[in-house]
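Geometric and topological summary
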Amino acid sequence: MPHIGLFALVVRDYDEAIAFYTDKVGFDLIEDSDLGGGKRWVVIAPKGAEETRILLAQASDEDQTKAIGNQTGGRVGFFLNTDDFARDHARMTAAGVQFLEQPRYEPYGTVAVFEDIYGNKWDLLELTGQ
């Protein structure tokens, strides 16, 4: 059955992106391979994720640089599901992740929007009934 295996997130710098997503958000670094010419194949994933991965793609030209932090036009574009919102919200906040709002309790679950180091908006989300 089809599934999303990998999607690219355009970043300014490989190492600063790796540090943010591993140290602050809590993702695992899956691969960091040198491709030569300053390019790397850098893959991260949420802890325990079995299928979906994120490719950190360093911007290589002006158009890509302009997209950093605004890949979804200012909307929340990424959704990080959790089985324990309070635990992960507290850990991420203590690590320095900037949440843009207080946790909200919606019919579908508990949610709060945070920004990555580039300004991309993410939901931290614990769905009801999970």
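Since the model is a prediction, treat every value here as computed from it, not as a measurement.

Observations regarding the pairing of strand S8 (residues 109-115)
Residues in a regular strand project their side chains so that they alternate between the two faces of the sheet. Among the 7 residues that make up S8, 6 are buried, leaving the element largely enclosed by the rest of the structure. Direction of pairing for strand S6 (residues 98-99) relative to S8: antiparallel, over a ladder of 2 bridges. Residue Gln98 lies in a different strand from S8, and its bridge partner there is Glu115. Relative to S8, strand S7 (residues 104-106) is paired through 3 bridges, and the arrangement is antiparallel. The partner of Glu106 across the bridge, within S8, is Gly109. The antiparallel hairpin formed by S7 and S8 contains 2 residues in its connecting segment.

Some remarks on the domain arrangement of the protein chain
Looking at the protein chain, the domain boundaries give domain 1 (1-68) and domain 2 (72-129). On a C-alpha basis, the centroid separation for the pair domain 1 and domain 2 is 19 Å. In this complex, domain 1 contributes 17 residues to the contact, which on the side of domain 2 involves 14 residues. Between domain 1 and domain 2, a total of about 1200 Å² is buried, with carbon and sulfur atoms accounting for 70% of that surface. On the domain 1 side of the interface with domain 2, the three residues burying the most area are Phe20, Lys24 and Val25, jointly 42% of the side's total. Counting across the domain 1 and domain 2 interface gives 0 salt bridges. Across the contact surface, domain 1 and domain 2 share 5 residue pairs in polar contact (both at pLDDT 80 or more). Elements with a contribution of two residues or more to the side of domain 1 that touches domain 2: strand S1 (6-11) and helix H1 (14-25). Of the residues contributing to the side of domain 1 that touches domain 2, the split by class is 11 nonpolar, 1 polar and 5 charged.

Points about the side chain of Asp116
Structurally, Asp116 can be placed in the loop between S8 and strand S9 (121-127). In this structure the side chain of Asp116 is engaged in a polar contact, spanning 3.0 Å, whose partner is the backbone nitrogen of Gly119. Each residue touching Asp116, except ones within four places of it in the same chain, is listed here: Leu9, Phe20, Tyr21 and Trp122.

Considering the nonpolar core
Counting 27 residues, the largest nonpolar core has Tyr21, Val25, Phe27, Leu56, Phe114 and Trp122 as its most contacted members. Those elements that place two or more of their residues in this core are S1, H1, strand S3 (39-45), strand S4 (53-58), strand S5 (76-81), helix H3 (85-95), S8 and S9. The residue makeup of this core includes at least three contributed by each of domain 1 (1-68) and domain 2 (72-129). Beyond its immediate stretch of four places on either side in the chain, Val25 contacts Phe20, Leu80, Arg91, Met92, Val97 and Phe114.

Procedures and definitions
Residues numbered from 1 in each chain as written. Predicted model: local features only at pLDDT ≥ 70, side-chain atom pairs only at ≥ 80, totals over all residues. Heavy atoms only, no water. Buried < 20%, exposed > 50% of the residue type's maximum accessible area, 1.4 Å probe, protein only. Helix = DSSP H or I, 4+ residues; strand = E, 2+ residues; numbered from the N terminus. Pairing = 2+ DSSP bridges. Domains from an automatic or database assignment. Contact = heavy atoms within 4.5 Å. Buried area = accessible area lost by both parts, 1.4 Å probe. Salt bridge = Lys/Arg side-chain N within 4 Å of Asp/Glu carboxyl O. Polar contact = N/O pair within 3.5 Å; in protein donor to acceptor, adjacent residues only side chain to side chain. Nonpolar A, V, L, I, M, F, W, Y, C, P; charged D, E, K, R; others polar. Core = buried A, V, L, I, M, F, W, Y, C linked by side-chain atoms within 4.5 Å.

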